[in-house]
Amino acid sequence: MAKVKPFKGVRPPKEMVEEVVSRPYDVLNSEEARKEAEGNPKSLYHIIKPEIDFEPGFDEHDPKVYEKAVENFHKFQENGWLVQDDQEKYYIYAQTMDGRTQYGFVVAAWVDDYMEGRIKKHELTRRDKEEDRMKHVRVNNANVEPVFFAFPDNEVLEKIIRDVTAGKPEYDFVTDDNFGHTLWLIEDPKTIETITEEFAKIPNLYIADGHHRSAAAALVGAEKAKNNPNHRGDEEYNYFMAVAFPASHLKIIDYNRVVRDLNGLTPEQFLDKVRENFDVKDMGTEIYTPAALHNFSLYLDGRWYSLTAKAGTYDDQDPIGVLDVTVSSDLILRDILGITDLRSDKRIDFVGGIRGLGELKRRVDSGEMKMALALYPVTMDQLINIADTGNIMPPKTTWFEPKLRSGLVIHKLD
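Residues numbered from 1 in each chain as written. Predicted model: local features only at pLDDT ≥ 70, side-chain atom pairs only at ≥ 80, totals over all residues. Heavy atoms only, no water.

(A) Region of interest: the environment of aspartate 86. Along the chain, the position of aspartate 86 falls in the loop between strand S3 (83-84) and strand S4 (90-97). Residue aspartate 86 is classed as exposed on the basis of its relative accessible area, which comes to 66%. Separated by 195 residues in the primary sequence, aspartate 86 and lysine 281 place their C-alpha atoms 62 Å from one another. (Helix = DSSP H or I, 4+ residues; strand = E, 2+ residues; numbered from the N terminus. Buried < 20%, exposed > 50% of the residue type's maximum accessible area, 1.4 Å probe, protein only.)

Below, the structure is given as structure tokens:
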């Protein structure tokens, strides 16, 4: 059962929230963060990407960078840019994109649930990336950024969302990307108790996004427990911060591919090989969007094509074999183009669906890439099925949008 608790969040005063909050550390590089934080000493980038306080090109993994994160975290608190709540709370965080709003509970999730597999994952993690975030959690003694969970729908929790969000929010603002961000505080003891009890009825939580942050936060908590000779089990380090959304609130968007060459084939030869496993239709010069599972969109030589996988080329009974990322990776990228490692092959790049299919067209028309392939998005049901069966999704399968803003709430480990 999922064990969560309220916590005393560290967060910005209302009047400063828009200056403090930032995009997550892993969606932009150091120079982009430096530019976004320019002229703003209150930007959270000074804590989550503290290399921006050094000369350009300074190694972001240098020990001095982690030390700077701690220095800045303390400075933010000393200056009153971040203030800790005086009582434990839950929070509801709403994100609005294109007229659709998703509501999540900001909670402290139990480390043991991650370590024992009740918080389920669907992606592999890299140890170097885990260690980077572990260092950040260790030195700051805090989860500065949340992880992104999904959970099976629960009507009691839905009613709490409706009741709480009918009231006045603590924060309510729109960021430059036109996404809305709203936060409510949950302070009523009975409501807090009900939330804890309802989560305890949920068998599993699911990592939607943030596998490296989840691993790092849980591993640091486990380290602290092991190294504390007086460990009791109720210390704050036994928990890490997450925003947990009902699964039905979330929508996974497409994650598309662009390829630099056709592996020595002419466009006609390439299309002939594609026809062996797909029904191919020329859709003309107007952008074509995949219509359903097992239907793909190909952009090549200024034209869009509909590709529909033929019966027998996929396995609807296999949680991985049914995925369009598997079908396209096996039958097009591997068998025709010779791309076998999506993580390391320099001939391929990936484009989140938030950029639109026009970005695929632009990168091909520019001559940078030779062809583009757009995929029908994975569903939350597919993600949960993969996690429940202990499977791992292929690389670059899911893209969630909007991303959680960092700095709305921070969780201290003491």
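Additional details are given in the paragraphs that follow.
(B) Expanded view of the nonpolar core. One finds Val106, Phe270, Phe278, Leu298, Leu307, Leu337 and Met380 to be the most contacted residues of the largest nonpolar core, which totals 65 residues. Counting residues in each nonpolar core, the second largest holds 32 residues, with Tyr90, Phe105, Trp184 and Ile207 among its members. (Core = buried A, V, L, I, M, F, W, Y, C linked by side-chain atoms within 4.5 Å.)

(C) Broad picture of the side chain of histidine 181. With respect to the helices and strands, the residue histidine 181 is situated in strand S10 (residues 180-186). Look at histidine 181 and you get buried, because its relative accessible area is 1%. Excluding its chain neighbours within four sequence positions, the residues that come into contact with histidine 181 are Tyr93, Ala94, Gln95, Tyr171, Asp172, Phe173, Thr175, Lys403 and Arg405. (Contact = heavy atoms within 4.5 Å.)

(D) Region of interest: the environment of asparagine 238. Within the secondary structure, asparagine 238 sits in the loop between helix H9 (211-227) and strand S12 (239-246). Along the backbone, asparagine 238 and glycine 117 are 121 residues apart, and their C-alpha atoms lie at a distance of 15 Å. Setting aside anything within four residues of it in sequence, one finds asparagine 238 in contact with Ala109, Trp110, Val111, Ala225, His231 and Gly233.

(E) Up close: the side chain of glutamine 102. Considering the arrangement of structural elements, one finds glutamine 102 in strand S5 (residues 100-110). You can call glutamine 102 buried: its relative accessible area is 2%. Among the polar contacts listed, one links the side chain of glutamine 102 to the side chain of glutamine 95, at a separation of 2.9 Å. At 3.3 Å, the side chain of glutamine 102 and the side chain of arginine 100 are in polar contact. Other than its neighbours up to four places away in sequence, glutamine 102 contacts Tyr93, Ala94, Gln95, Phe148, Phe245, His249, Leu250 and Pro402. (Polar contact = N/O pair within 3.5 Å; in protein donor to acceptor, adjacent residues only side chain to side chain.)

(F) Here's a closer look at the pairing of strand S18 (residues 348-352). The buried fraction of S18 amounts to 4 of the 5 residues, a majority that puts the element mostly inside the structure. Sheet topology places strand S14 (residues 255-259) next to S18; 5 bridges connect them, and they run antiparallel. Across the sheet, tyrosine 255 pairs through a bridge with glycine 352, a residue of S18. (Pairing = 2+ DSSP bridges.)

(G) Here's a closer look at unusual backbone geometry. Of the consecutive residues glutamate 401 and proline 402, the connecting peptide bond is found in the cis state with omega at 0°. Checked against the element boundaries, proline 402 lands in the loop between strand S20 (399-400) and strand S21 (411-412). In the Ramachandran plot, aspartate 98 falls in the positive-phi region, its phi being about 55° despite a non-glycine side chain. Its location among the elements puts aspartate 98 in the loop between S4 and S5. The phi angle at lysine 396 is positive, at roughly 55°, despite the residue not being glycine. Tracing the chain through its elements places lysine 396 in the loop between helix H13 (380-388) and S20.

(H) Quick peek at empty space enclosed by the protein. As enumerated under the stated definition, the model contains 4 cavities of 30 Å³ or more in all. The calculated volume of the largest cavity comes to roughly 120 Å³. Surrounding the largest cavity, Arg133, His136, Val137, Ala142, Asn143, Val144, Glu145, Val147, Arg213, Ala216, Ala217 and Met241 form its lining. Of all the secondary-structure elements, those providing two or more residues to the lining of the largest cavity are helix H6 (127-140), strand S7 (142-143) and H9. When grouped by side-chain class, the residues that make up the lining of the largest cavity number 7 nonpolar, 2 polar and 3 charged. (1 Å grid on protein atoms, 1.4 Å probe; cavity = no way out; pocket = protein on both sides within 12 Å on 5 of 7 lines; lining within 4 Å. Points joined across faces, edges and corners; volume = space filled by probe spheres on them. Nonpolar A, V, L, I, M, F, W, Y, C, P; charged D, E, K, R; others polar.)

(I) Just the environment of glutamine 382, in detail. Positionally, glutamine 382 belongs in helix H13. Distance in space between the C-alpha atoms of glutamine 382 and proline 319 is 7.0 Å, their sequence separation being 63 residues.

(J) A look at the packing of helix H4 (residues 63-78) against H6. Two numbers describe how H4 lies on H6: the axes approach to 9 Å, and their chain directions differ by 40°. Classed by the angle they form, the pair H4 and H6 counts as oblique. Handedness of the H4/H6 crossing: right-handed. Between H4 and H6, the contacting residues are Tyr66, Ala69, Val70 and Phe73 on the first element and Asp132, Lys135, His136, Val139 and Asn140 on the second. Of the residues belonging to the contact of H4 with H6, the class tally is 5 nonpolar, 2 polar and 2 charged. (Axes fitted to C-alpha atoms, helices over the stretch in contact; angles between N-to-C directions. Parallel < 35°, antiparallel > 145°, perpendicular 65-115°, else oblique. Left-handed = near helix turned anticlockwise from the far one by under 90°.)

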